[in-house]
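Each chain is listed here by its residues.
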Amino acid sequence: MGRPAQISRPAVVAAAMAVADEHGLAGLTMPAVAARLGVTTMALYRHVASKDDLLDALVEALLPPLPPESGGASWRERLGAMAAAVRDTAARHPAVFPLLLQRPAATERAREIRDGVVAALRQAGLAPGPAARAERLISTAVLGYAAGEAAGRFDHHDRRVRDEDFACLLAAITALVEAGGPASAALSEAGGAFSGAGGPDGGPVADRAVPGSGG
């Protein structure tokens, strides 16, 4: 009898990504991941605690890095680079990418990225509360565009048009943030005016996992 395959958490996550890329999230099962690695299903649980733990690990694998403040890039450059990376990730993993709209920011890295986006918005001049709300709205807008494009929603437009659309989205986000004080006030007042459309506590209906929403 041969020796059992040696696996690790990164190997399990990579196998799960490959299974989901090929068969979609509905086809992502623990037995399918185990079969791809040539191990028993139970062997996976030495490296991931549960299916939810594996999904959270996939979210981490999908999240792009946020350029650090110490790198000298402006907040516009940092958020723009991250948005472009999110779009590229959606194109590479269209079947898996919806996890970023479905999973909360449950892991340390997801929260770090969320907090990094908020920090960039604070650097742009937004107050703490409006910066946190802006992060949720910006993340949802960027993720939503990237997910729609990856799913083929805009395939009837050529790449040039889609690139221009994405640039317009980023320009609109920048214009809102650059409004500074007025933007902070508008974000705060909007939350009060439309609180009935949120969750039971008047907050957002759901916080998502990417570039870090969730807080």
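Visitor: Hey, could you run me through the overall build of the protein chain in this one?
Guide: Each helix and strand counted, the protein chain has 10 helices and 0 strands in total. Beginning at the N terminus, the succession of helices and strands in the protein chain can be written as α-α-α-α-α-α-α-α-α-α. By the burial criterion, 40% of the 215 residues in the protein chain qualify as buried. Long-range contacts, defined here as pairs at least 24 residues apart, represent 72% of the contacts in the protein chain between residues at least 6 apart. On the protein chain, roughly 10800 Å² of surface is accessible, and the fraction owed to carbon and sulfur atoms is 57%.

Visitor: Which parts of the structure should I look at to understand the packing of aromatic side chains?
Guide: Two descriptors summarise a pair of aromatic rings, namely the distance from one centre to the other and the angle between the planes of the rings. This structure, assessed with the given rule, holds 2 aromatic pairs. Ring geometry for Y145 and F154: centres 5.1 Å apart, planes at 25°, overall stacked. Looking at Y145, the relative accessible area reads 12%, which means it is buried. Feature note: the residues Y145, F154 and F166 constitute an aromatic cluster, connected by ring pairs. For R87, the ring lying beneath its charged end belongs to F166, and the centroid distance is 4.9 Å.

Visitor: For this particular structure, what's the right way to read helix α8 (residues 128-150)?
Guide: The α-helix advances 3.6 residues per turn, and as a result positions three or four apart in sequence lie on the same side. Taking 1.5 Å per residue, 23 residues should reach 33 Å; α8 reaches 33 Å between its end C-alpha atoms and fits that length. Where α8 terminates, the next one or two residues include G152, which has phi positive at roughly 95°.

Visitor: Looking at this structure, I do not really get helix α1 (residues 9-23). What am I missing?
Guide: Taking 1.5 Å of rise per residue, 15 residues should cover 21 Å, and α1 covers 21 Å from first to last C-alpha, within 8% of that figure. Buried residues of α1: V12, V13, A15, A16, M17, A18, V19 and A20, and no others. The elements touched by buried residues of α1 are α2 (30-37), α3 (41-44) and α4 (51-62). A positive phi of about 80° marks G24, the residue just after α1.

Visitor: Would you mind showing me how to read the nonpolar core here?
Guide: Among soluble globular proteins, nonpolar side chains are generally buried collectively. Membership of the largest hydrophobic core comes to 56 residues, with the highest contact counts inside it found for L28, V33, L44, L54, L58, F97 and L121. Considering each element in turn, this core owes the most residues, 8 residues, to α8. Once you skip the residues sitting within four places of it in the chain, L28 turns out to touch A16, V19, A20, V33, K51, L55 and L58.

Visitor: It is not clear to me how the packing of α8 against helix α9 (residues 159-178) should be interpreted in this structure. Could you clarify?
Guide: In helix packing, the relevant descriptors are the interaxial angle and the interaxial distance, both defined with respect to the helix axes. Running from amino to carboxyl end, α8 crosses α9 at an angle of 175°, the nearest separation of the two axes being 11 Å. Accordingly, the angle class assigned to the pair α8 and α9 is roughly antiparallel. Residue-level contacts link I138, A141, V142, Y145 and E149 of α8 to R162, D165, F166, L169, L170, I173 and V177 of α9. Across the contact of α8 with α9, the residue classes tally to 9 nonpolar, no polar and 3 charged.

Visitor: Explanation requested: the pattern of salt bridges in the structure shown.
Guide: Opposite charge on two side chains lets them pair, provided their charged atoms get close. Applying the stated rule across the entire model yields 11 salt bridges. Notably, a salt bridge pairs E22 with R36, separated by 2.9 Å at the nearest N-O pair. One end of the pair, E22, is in helix α1; the other, R36, is in helix α2, and 14 residues separate them in sequence. Linking R162 and E149 is a salt bridge whose minimum nitrogen-to-oxygen distance equals 3.0 Å. One end of the pair, R162, is in helix α9; the other, E149, is in helix α8, and 13 residues separate them in sequence. When sorted by exposure, R162 lands in the same class as E149, which is buried.

Visitor: Help me understand the packing of helix α7 (residues 108-123) against α8, please; the structure alone is not making it clear to me.
Guide: Orientation of α7 relative to α8, taken along the N-to-C sense of each, is 120°, at an axis distance of 9 Å. The pairing of α7 with α8 is recorded here as oblique in orientation. Here α7 and α8 pass one another in a crossing that is right-handed. Contacts between α7 and α8 involve R114, V117, V118, L121 and R122 on the former and, on the latter, P128, A131, A132, A134, E135 and I138. Looking at the contact of α7 with α8 residue by residue, the classes come out as 8 nonpolar, no polar and 3 charged.

Parameters and conventions
- Residues numbered from 1 in each chain as written.
- Predicted model: local features only at pLDDT ≥ 70, side-chain atom pairs only at ≥ 80, totals over all residues.
- Heavy atoms only, no water.
- Helix = DSSP H or I, 4+ residues; strand = E, 2+ residues; numbered from the N terminus.
- Buried < 20%, exposed > 50% of the residue type's maximum accessible area, 1.4 Å probe, protein only.
- Contact = heavy atoms within 4.5 Å.
- Areas by Shrake-Rupley, 256 points an atom, 1.4 Å probe, with all protein chains shown as cover.
- Phe/Tyr/Trp six-rings, centres within 6.5 Å; stacked < 30°, edge-to-face > 60°.
- Lys NZ or Arg CZ within 6 Å of the ring centre and 35° of its normal.
- Expected span 1.5 Å × (residues − 1).
- Core = buried A, V, L, I, M, F, W, Y, C linked by side-chain atoms within 4.5 Å.
- Axes fitted to C-alpha atoms, helices over the stretch in contact; angles between N-to-C directions.
- Parallel < 35°, antiparallel > 145°, perpendicular 65-115°, else oblique.
- Nonpolar A, V, L, I, M, F, W, Y, C, P; charged D, E, K, R; others polar.
- Salt bridge = Lys/Arg side-chain N within 4 Å of Asp/Glu carboxyl O.
- Left-handed = near helix turned anticlockwise from the far one by under 90°.

Any functional reading would require information that these geometric values do not contain.
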